[in-house]
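Okay, here's what each chain looks like letter by letter:
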Amino acid sequence: MTRKDANSAHNEAEETHQDTVAPTEDNYEESLEQNSLEGEKLQIVSFHLNSQEYAFEVTDAVEVLRPRTVTEVPRTPEFIKGILSVRGEMVPVIDLKKRLGIRLDGFNGAGRILIAAMDDLKAGFTVDRLAGVKEVPMQSVVPSTGPNQGFLKGVIHAGDDPILLLEISLLVDMSVR
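What counts, and where the lines are drawn
- Residue indices follow the written sequence of each chain, beginning from 1 at its first position.
- Two thresholds apply to this predicted model, a pLDDT of at least 70 for residue-level local features and 80 or more for giving and counting side-chain atom pairs, whereas whole-chain, interface and lining totals are computed over all residues.
- Water and hydrogen atoms were dropped before computing side-chain values, which therefore reflect all heavy atoms in the structure.
- Helical segments are the DSSP runs of H or I of at least four residues, strand segments are the runs of E of at least two, and each set is numbered from the N terminus.
- The contact criterion used is simple: two residues touch if any of their non-hydrogen atoms lie within 4.5 Å.
- All accessible-area figures derive from a Shrake-Rupley calculation using a 1.4 Å probe, and residue coverage is judged against the displayed protein chains alone.
- Salt-bridge detection follows one rule: a side-chain nitrogen of Lys or Arg within 4 Å of a carboxyl oxygen of Asp or Glu.
- The classification of residues rests on relative accessible area computed with a 1.4 Å probe and restricted to protein chains. Under 20% of the type maximum is buried, over 50% is exposed, and intermediate values are partly exposed.
- Should DSSP find at least two bridges between two strands, the strands are regarded as paired.
- Stacked, tilted and edge-to-face pairs are distinguished by plane angle, under 30 degrees for stacked and over 60 for edge-to-face with tilted covering the rest, among Phe, Tyr and Trp rings (Trp via its six-membered ring) whose centres lie within 6.5 Å.
- Working convention: axes come from line fits to C-alpha atoms, limited for helices to the stretch in contact. Angles between N-to-C directions cover 0 to 180 degrees.
- What pLDDT reports is the predictor's confidence in each residue, on a scale of 0 through 100.

## A few points about the overall build of the protein chain
Then, in step 1: Secondary structure assignment for the protein chain yields 4 helices and 11 strands.
Then, in step 2: Considering only residue pairs separated by 6 or more positions, the protein chain has 58% of its internal contacts joining residues 24 or more positions apart.
Then, in step 3: On the protein chain, roughly 11,300 Å² of surface is accessible, and the fraction owed to carbon and sulfur atoms is 49%.

Here it is, written out as structure tokens:
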């Protein structure tokens, strides 16, 4: 074997080694793109109304309060329970079951008041119980078709039961029914 043949064989071995061990720049970029698409996650705060699980995006949630006395306000829609002072700020409290047209199913009181914000407006929403903060794949969120779809961003199919993702801005908009 001549020196030229040996160099050629060595270069071929390096090329083979390169193809099988280290990705090319193109393969690496494709892999990053695929991982970023697969890796996109949505963080939600989930809660229950009766037996159905609902959620808000974590970016909308501000805090969770134990039930407390709410001051009723005359001439407001039935789903507005009243107002509540939260650190000196008056916050409307919305009975989420009434707002969504959900019938009462045994539990009539608020287990928690979930304070959420959009832009400069805060609102409290009564929920039966919190399920916690969860991270779900973005691909698991699909557009909604069904009752209350006017208030839904989508339906999350990331486990055994679907989670209904609510749009807070629509819930506080009095023109939306």
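## Things to note about unusual backbone geometry
Then, in step 1: Within the chain, Arg-87 stands out as a residue other than glycine whose phi angle is a positive 50°.
Then, in step 2: For Arg-87, the location among the structural elements is in the loop between strand 4 (80–86) and strand 5 (89–95).

## Some words on the pattern of salt bridges
Then, in step 1: Tallied over the full model, the rule gives 6 salt bridges.
Then, in step 2: Arg-87 is the salt-bridge partner of Glu-63, the closest N and O atoms lying 2.8 Å from each other. Of this pair, Glu-63 sits in strand 3 (residues 61–65) while Arg-87 is found in the loop between strand 4 and strand 5, placing the two residues 24 residues apart along the sequence.
Then, in step 3: Note that Lys-97 and Asp-128 form a salt bridge whose closest N and O atoms lie 3.1 Å from each other.

## Thoughts on the pairing of strand 2 (residues 52–57)
Then, in step 1: Most of strand 2 is tucked away: 5 of the 6 residues are buried.
Then, in step 2: Relative to strand 2, strand 1 (residues 41–49) is paired through 6 bridges, and the arrangement is antiparallel. Following the sheet pairing, Phe-47 is matched in strand 2 by Tyr-54.
Then, in step 3: Between the end of strand 1 and the start of strand 2, which pair antiparallel, lie 2 residues, with Asn-50 showing a positive phi angle near 55°.
Then, in step 4: Here strand 2 pairs with strand 11 (residues 163–166) via 3 bridges, running parallel. Considered in strand 11, the bridge of Glu-53 is made with Ile-163.

## What about the packing of aromatic side chains?
Then, in step 1: One pass over the full model with this rule turns up 3 aromatic pairs.
Then, in step 2: Their ring planes at 15° and their centres at 6.3 Å tell us that Phe-47 and Tyr-54 sit as a pair that is stacked.
Then, in step 3: Classification of Phe-47 as buried rests on a relative accessible area of 0%.
Then, in step 4: Here a set of aromatic residues connected by ring pairs shows up, and it is made of Phe-47, Tyr-54, Phe-56 and Phe-125.

## Observations concerning the environment of Leu-96
Then, in step 1: Position of Leu-96 among the secondary structure elements: in helix 3 (residues 96–100).
Then, in step 2: You can call Leu-96 buried: its relative accessible area is 0%.
Then, in step 3: For the pair formed by Leu-96 and Gly-124, sequence separation is 28 residues and the distance between their alpha carbons is 9.2 Å.
Then, in step 4: Setting aside chain neighbours within four positions, we find Leu-96 in contact with Phe-47, Leu-49, Phe-56, Phe-125, Thr-126, Val-127, Leu-166 and Leu-171.

## What to know about the sheet that holds strand 7 (residues 121–127)
Then, in step 1: Reading across the sheet, the 5 strands line up as 3-6-7-5-4 and stay open at both edges, with mixed pairing between neighbours. Unpaired on one side and paired on the other, strand 3 and strand 4 mark the two borders of the sheet. Geometrically, the sheet is characterised by an average inter-axis angle of 30° between neighbouring strands, direction not taken into account.
Then, in step 2: The sheet contact formed by strand 6 (residues 112–118) and strand 7 spans 7 bridges and is antiparallel. Within strand 7, the residue paired with Ile-113 across the bridge is Thr-126.

## A short note on the confidence of the model for the protein chain
Then, in step 1: Looking at the protein chain, the pLDDT average stands at 82 and 73% of residues meet or exceed 70.
Then, in step 2: Contacts from residues 16–20, a stretch scored under 50 in pLDDT, to residues over four places away or in other chains number 2 contacts.

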